[in-house]
Amino acid sequence: MKLFKIRGGVHPDDRKHLAAGQSIEILPMPALLHIPLQQHIGAPASPAVRRGQHVAKGDRLANGQGVISAPVHAPTSGRVMGVGSYPAHHASGLSVPTITLKPDGEDRWGDSIQGVADPFALDPDEIAARVAAAGVVGLGGATFPAAVKLNLRKKYRLHTLVINGAECEPYLTCDDRLMRERAEAVIDGIRIMAHALGVERVVIGIENNKPEAQASMVVAASAYPSIRLARLPTRYPMGSEKHLVQTLTGRETPARGLTADIGVVVHNPATAFAVHEALRFGYPLVSRVVTISGGAIAQPRNLQAPLGTRIQDLIDYCGGFREEPARLISGGPMMGQPLPSTRVPTVKGSNGVLALTAAETNQRDPMPCIRCGSCVQACPCGLVPLEMAAHARTGDLEGAVKLGLMDCIGCGSCSYVCPGHIPLVQFFNYAKGEMAARGRVKQKQAETKRLAEQRTARIEEIKRAKREAMDRRRREAAAKKQAEADPPAPATITEQPVAAGTEA
Amino acid sequence: MSIETPAVTAGPFAHERVSISRTMGLVMLALLPATLFGFWQFGWPAIHLFIATVLAALLAEAMSLRVAGKPVRPYLMDGSALLTGWLLAMSLPPWAPWWIGVVGSFLAIVVAKQVFGGIGQNLFNPAMVARVALLIAFPLEMTSFVAPTPLFSAGAPGLVEGLAITFGGQGFDAFSGATVLGHVRTELGQGEALSTILPGLYAPVSGAIGTVAGSLGETSALLILLGGLFLLYKRIITWHIPLVMLGTIALLATLMHLYDPEHYTGALYHLVSGATLLGAFFIATDLVTSPVSTRGQILFGAGCGLLVYVIRTWTGYPEGVAFAILLMNACTPLIDHYVKPRIYGRDRKGAPIEYADGAGANQ
Ligand code: SF4
Ligand code: SF4
């Protein structure tokens, strides 16, 4: 199919060969699981189990709260050891509410787990509801609740479902393996999602460095003419949702908008697989495929691991470290996050754990900017990173925002090519964080102001009511005096309870 | 408030195998053939001048860094001072006395670079600032060119004689006076027609190969072109500035030549003479002092080409490359301010894109 060009981008060494040849292996059940209550974008889930309670696999451990949230389920059967806090799967390493589960070794599904014989007979709303109940979130790393995205049809005129199998981050091979080994299931999930979205067209985008995945998906989709495969050039960040859609449709998503604004919804193959499991078998999302790779890992692998597995358990299964890693990362090397320790658990968004050697990270001390313009050429968003960084560095956040800071997708292409090894993304993240903090303060101030104004208005209202009541009483007293002379009027009597009501 | 590097580490945790010293090194590699040709063609004095100029540039850089309290080693090793000295040396008359190179290097490094704040901060290309300053201050020394006397050929100065020429101020007798550009300019000024001036003075072939009088490293158009193509291949520069600059010069020269062939030389003459190619591939493309966006670079290249032609043709200076590039350097901040790439998802004015058909907009 015809593809459109996107601007910028880089060609990092993909290093996929480390793990691409390893089929998905199921990790033996770890001794203990630590399941955080927030593994998605949105409100954290609230615990639904008590300490000491015995749960079956797939039982709800915590319920989603609000529209954008997702429940969390037991990855295996066992006993709840505690509902407390545990270091998060996040660079900060802060502790977050987490449920600790001791597997009983039976790995027994709950009795209520039940699939649907024919998902295509279901109403789209029903599919979305089941996907939501299964706790499925975007597994490409963004972890946005999948059901919310399936419900976009209510607000937008959708025509295409795009499956993002680009997997453009170096090292990562979990989607590649999933598409190779479980193509039928992935295609089934895709068809269910297309049905839920009410779209006729499905395009699966896979980069050309994954010919096996392309081949097996073509075979699995051959019976469905509405599903097409796009062979994408290998180029980072092809997997950026908006850039992928542009490659496929030639259209840019309007700034600050969603791809749904141009009629497209993007999902990840792993999400499609999870949807298939949820609808066909009623399985909630309790495990995922994680790529364990990097030059410091003894035997890189693709592991299907229960959520809540400690990173250390994954690394141990891969033979430990070959050498002391210079960096431990969650996700890919371009947009991943440094991991604070190997104690932290995997979460729904964990697509990779990388232990990189110093040679791989190629980190150096930053030099001054030589205005070479490499970053400008590399930026897929048409930004001028060197100037944004210069503004952010001097604390001029407004200046950086004016230059397009909020349009930056944080892809890291600019930092990747910078000959001065300037940590551009770090500056942008800092500036974005500051802006968000300022936004919160402003919001708080506005909220305080609104409350204060409301209070003033209320006090005014009370005063006014009091004054009116007083006037009325005065009038009534005057009327009474007069009434003593004249015969009483019935209107005065009915008026009184209303006045009292106003004052209360 | 100012931050050096924010505390929380962010990706990417991979990096292309690039560095500033690699970039500078590749530029020097690209300059090497033309430089070696210059050495061969103009002999020992050229080699001595080159060494003096480059060493002075390094010394000036080290001293400036020390004064500014910056770490000397990493900055000296980035190769930028070496490159500046190198480029300056290439643009000097090959038999110029040593102090021309030394004064030039100090001007380039101290005045044009370090005073502005060091690497990446300078507004003007340091080598060109020095070249122009030298030209104005020492017009005689800066316009005394020699005819090529290849190394080891009869009549070429030996090592010691070379030392005497560069450091002892001897050898002025050998000067033939002017470059082709200078010669043609003078004769045209005296009312001669090109058909009488050019024959015997200029042949495109010798201009392209470089067996003519001229600056140390500028004479061989072919070798400079080779270096330029290497830089393009290595993606150190993009085609925009050189191609647009050369194209503009060629276009103007062709038009004027068609208009009056007796007084305006053709495109090829302009392209292979003087510093045109060196300027287009190595100096106008100077990363620090040229615009960062593609469209800005096109504008910059066109401006350089226009100015080169205008200065060469209608002003008192036979060579206009240095002036033209410096003038455009001054415009770079302005260009970068007004000419930016279009941001994804926005129109040129910065408003979010809207589609006429309403795309997937709310029902
Ligand atoms: S890539 Fe680095 S050195 Fe080059 S312009 Fe951008 S920030 Fe400056
Ligand atoms: S991180 Fe931002 S500025 Fe840098 S290349 Fe990506 S989108 Fe552009």
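That block above? That's the structure.
Fair warning: this is a prediction, and the values are worked out from it, not measured in the lab. For every chain, the first residue of the written sequence is number 1, and numbering continues from 1 along that sequence. Whichever chain is written first becomes A and whichever ligand is written first becomes 1, with later ones labelled in order. Confidence filtering applies because this is a predicted model: local features only for residues at pLDDT of at least 70, side-chain atom pairs given and counted only at 80 or more, and all residues used for totals across whole chains, interfaces and linings. In computing side-chain values, all of the structure's heavy atoms are included and hydrogens and water are not.

Engineer: Please explain the site of ligand 2 as it appears in this structure.
Structural biologist: For this purpose, a residue is taken to be near a molecule or strand whenever a single non-hydrogen atom of the residue falls within 4 Å of it. The local shell around ligand 2 holds 15 residues, among which C379, C408, C411, G412 and C414 of chain A are the closest. Its residues assigned to classes, the shell around ligand 2 shows 12 nonpolar, 3 polar and no charged. When residues are sorted by character, Ala, Val, Leu, Ile, Met, Phe, Trp, Tyr, Cys and Pro go into the nonpolar class, Asp, Glu, Lys and Arg into the charged class, and all the rest, Gly among them, into the polar class.

Engineer: I tried to follow the packing of aromatic side chains on my own but got confused; where do I start?
Structural biologist: Both the distance between ring centres and the angle between the ring planes are used here to describe each pair of aromatic rings. Here a pair means two rings of Phe, Tyr or Trp (six-membered ring of Trp) with centres within 6.5 Å. Their orientation is stacked below 30 degrees between planes, edge-to-face above 60, and tilted elsewhere. Applying the stated criterion across every chain, the model contains 9 aromatic pairs over all chains. Both rings, one in F37 of chain B and one in W40 of chain B, keep their centres 5.9 Å apart while their planes meet at 45 degrees; by these two values the pair is tilted. Here W40 of chain B and F37 of chain B lie together in helix α1 (residues 20-68), a separation of 3 residues that amounts to about one turn. Each residue's exposure class comes from its accessible area (1.4 Å probe, protein chains only) as a fraction of the maximum for that residue type: buried when under 20%, exposed when over 50%, partly exposed otherwise. On the basis of relative accessible area, W40 of chain B is assigned to the partly exposed category, the value being 41%. Each ring, one from W99 of chain B and one from F138 of chain B, has its centre 5.0 Å from the other, and the planes form 75 degrees; the classification is edge-to-face. Separated by 39 residues along the polypeptide, W99 of chain B in helix α4 (residues 98-111) and F138 of chain B in the loop between α5 (126-137) and α6 (139-142) bring together distant segments of the chain. Among the aromatic residues, ring-to-ring pairing joins W109, F281 and Y283 of chain A into one connected group. R251 of chain A extends its terminal NZ or CZ atom over the ring of Y355 of chain B, reaching a point 4.2 Å from the ring centre. For a lysine, the NZ atom is tested; for an arginine, the CZ atom; a charge sits over a ring if that atom is within 6 Å of the ring centre and within 35 degrees of the ring normal. Sitting over the ring of Y75 of chain B, K70 of chain B keeps its end group 5.8 Å from the ring centre. Helix numbers and strand numbers start at the N terminus; a helix is a DSSP run of H or I with at least 4 residues, a strand a run of E with at least 2.

Engineer: Could you clarify how one ought to interpret the site of ligand 1 in this entry?
Structural biologist: Ligand 1 sits among C369, I370, R371, C372, G373, S374, C375, L386, C418, P419, I422 and L424 of chain A. Considered class by class, the residues forming the shell around ligand 1 number 9 nonpolar, 2 polar and 1 charged.

Engineer: Explain helix α3 (residues 80-90) of chain B here, please?
Structural biologist: Residue and element names in this part refer to chain B. Extensive coverage of α3 is indicated by the burial of 10 of its 11 residues. Considered for burial, the residues of α3 that qualify are S80, A81, L83, T84, G85, W86, L87, L88, A89 and M90. Buried-residue contacts for α3 involve α1, α4, α5 and α14 (276-283). Any pair of residues with heavy atoms lying within 4.5 Å of one another is described as a contacting pair.

Engineer: What should I look at first to understand the side chain of Q114 of chain B in this one?
Structural biologist: Residue position: Q114 of chain B is located in the loop between α4 and α5. Not counting the four nearest positions on each side in its chain, Q114 of chain B is found in contact with E61, S64, L65 and I109 of chain B.

Engineer: Teacher, can you tell me more about the sheet that holds strand β10 (residues 201-207) of chain A here?
Structural biologist: Strands belonging to one sheet form pairs held by backbone hydrogen bonds; the direction of such a pair is parallel or antiparallel. Residue and element names in this part refer to chain A. Pairs of strands are assigned from DSSP output, requiring at least two bridges between the strands. If you walk across this open sheet you meet the 4 strands as β11-β10-β9-β12, and the pairing is parallel. This sheet does not close on itself; its edge strands, each paired only once, are β11 (227-232) and β12 (264-267). Across the sheet, the mean angle separating the axes of adjacent strands is 25 degrees when strand polarity is ignored. Sheet topology places β10 next to β11; 6 bridges connect them, and they run parallel. Note that in β11 the partner of I204 across the bridge is L229. Angles here are taken between N-to-C directions and fall from 0 to 180 degrees, while the axes themselves are lines fitted to C-alpha atoms, restricted in helices to the stretch in contact. Strands β9 (160-165), β10, β11 and β12 of the sheet are contacted by helix α5 (residues 183-197), whose axis makes an angle of about 150 degrees with β9.

Engineer: Any chance you could explain the pattern of salt bridges here in plain terms?
Structural biologist: Residue and element names in this part refer to chain A. Should a side-chain nitrogen of Lys or Arg be within 4 Å of a carboxyl oxygen of Asp or Glu, the pair is scored as a salt bridge. The full count for this structure, using the stated rule, is 23 salt bridges over all chains. The salt bridge involving R464 is made with E468; its shortest N-O contact spans 2.7 Å. With R464 and E468 both in helix α15 (residues 424-485) and 4 residues apart, this pair spans about one turn of that helix. When salt bridges that share partners are traced, they join D125, R153 and K154 into one network.

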